[in-house]
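# Architecture at a glance
The chain contents come next:
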Amino acid sequence: TSGQPSKGSANPTVTLVEFSDFLCPYCRLASQYSDALLRAYPDRLQVVYRNFPLESQCNSSVKNDFHQGSCRLAAAGECAHLQGLFWPLHDQIFEKGPLYPVEELFSDAEAVGLNMEVFKQCLESEGMFKVQEDVSKGMELQIQGTPALFINGRPLPGLLPLQKMSQLIQKV
């Protein structure tokens, strides 16, 4: 998880890793759950974001493109992370929901304070390379869909109810 977008405790006893797709409605819900869990366990929990877009352009494990544009949004997130603004862009995209209008990406990136020249250059190069790294890791972990969640390296069987996730964190 080193170098990945993360928030929460600097010395966590619990690390929640989320392989996500910005256009996935359940990933949006998982993000809301993560925020609630961070509020409940600020000193114990760290949330780490990894990309697993469900689009064949950047994910060869996808046979049907479920989320057109998700590769570009994932690359945008990585480019925002390089400028220290991953979470504001993440929140902006998820706030608009799974029907996010990809044509609004540049205006949203500018609204969160990204250097647009650097951002645009990054999108087609380093950003997509970082997405490929996450997708490769996800394939290695045999991820089939999103969100794919791991608590301290152990996979969860899908998105669990918030109360159940809280109970798992309390047990660690």
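Quick look at the structure, then.

About the cut-offs
Residues numbered from 1 in each chain as written. Predicted model: local features only at pLDDT ≥ 70, side-chain atom pairs only at ≥ 80, totals over all residues. Heavy atoms only, no water. Helix = DSSP H or I, 4+ residues; strand = E, 2+ residues; numbered from the N terminus. Rg over C-alpha atoms; globule rule 2.2 N^0.38 Å. Buried < 20%, exposed > 50% of the residue type's maximum accessible area, 1.4 Å probe, protein only. Contact = heavy atoms within 4.5 Å. Areas by Shrake-Rupley, 256 points an atom, 1.4 Å probe, with all protein chains shown as cover. Phe/Tyr/Trp six-rings, centres within 6.5 Å; stacked < 30°, edge-to-face > 60°. Lys NZ or Arg CZ within 6 Å of the ring centre and 35° of its normal. Salt bridge = Lys/Arg side-chain N within 4 Å of Asp/Glu carboxyl O.

The secondary structure content of the protein amounts to seven helices and five strands. Mapped from its N terminus to its C terminus, the protein presents α and β elements in the order β-β-α-β-α-α-α-α-α-β-β-α. In terms of overall size, the protein behaves like a compact globule, its C-alpha atoms giving a radius of gyration of 15 Å where 172 residues would be expected to give roughly 16 Å. Taking the principal axes of the C-alpha coordinates as reference, the protein spans close to 45 × 35 × 25 Å. Here the protein holds 172 residues, and 49% of them are scored as buried. For the protein, restricting intrachain contacts to residue pairs at least 6 apart in sequence, the fraction spanning at least 24 positions comes to 74%. Split by element, the accessible area of the protein, about 8500 Å² in all, is 50% carbon and sulfur.

Below, the discussion takes up the packing of aromatic side chains. One pass over the structure, following the stated rule, counts eight aromatic pairs. Measuring from ring centre to ring centre gives 6.0 Å for phenylalanine 19 and phenylalanine 150, while their planes differ by 70°; the resulting arrangement is edge-to-face. You can see phenylalanine 19 sitting in strand β2 (residues 14–20) and its partner phenylalanine 150 sitting in strand β4 (residues 148–151), a full 131 residues away along the chain. With a centroid separation of 6.4 Å and an interplanar angle of 85°, the aromatic rings of tyrosine 49 and tryptophan 87 are classed as edge-to-face. On the criterion of sequence distance, the pair formed by tyrosine 49 in strand β3 (residues 45–51) and tryptophan 87 in helix α3 (residues 86–96) is long-range, its members being 38 residues apart. Each member of the pair tyrosine 49 and tryptophan 87 is classed as buried. Members of the aromatic cluster, connected to one another through ring pairs, are Phe22, Tyr49, Phe86, Trp87 and Phe94. Against the face of tryptophan 87 rests lysine 7, its NZ or CZ located 4.3 Å from the ring centre. The ring of phenylalanine 106 has lysine 120 sitting right over it, with the charged end atom 5.1 Å from the ring centre.

What follows concerns the pattern of salt bridges. Going through the model one piece at a time under the given rule, you end up with six salt bridges. Aspartate 35 is the salt-bridge partner of lysine 7, the closest N and O atoms lying 2.7 Å from each other. Placement of lysine 7 in strand β1 (residues 6–8) and of aspartate 35 in helix α1 (residues 25–40) is noted, with a sequence separation of 28 residues between them. Here glutamate 140 makes a salt bridge to lysine 137, at a shortest N to O gap of 3.1 Å. Note that glutamate 140 and lysine 137 are positioned in helix α6 (residues 126–140) at a spacing of three residues, about one turn of the helix. The exposed category is assigned to glutamate 140, whose relative accessible area is 58%. Through salt bridges with shared partners, one network takes in Lys96, Glu104 and Asp108.

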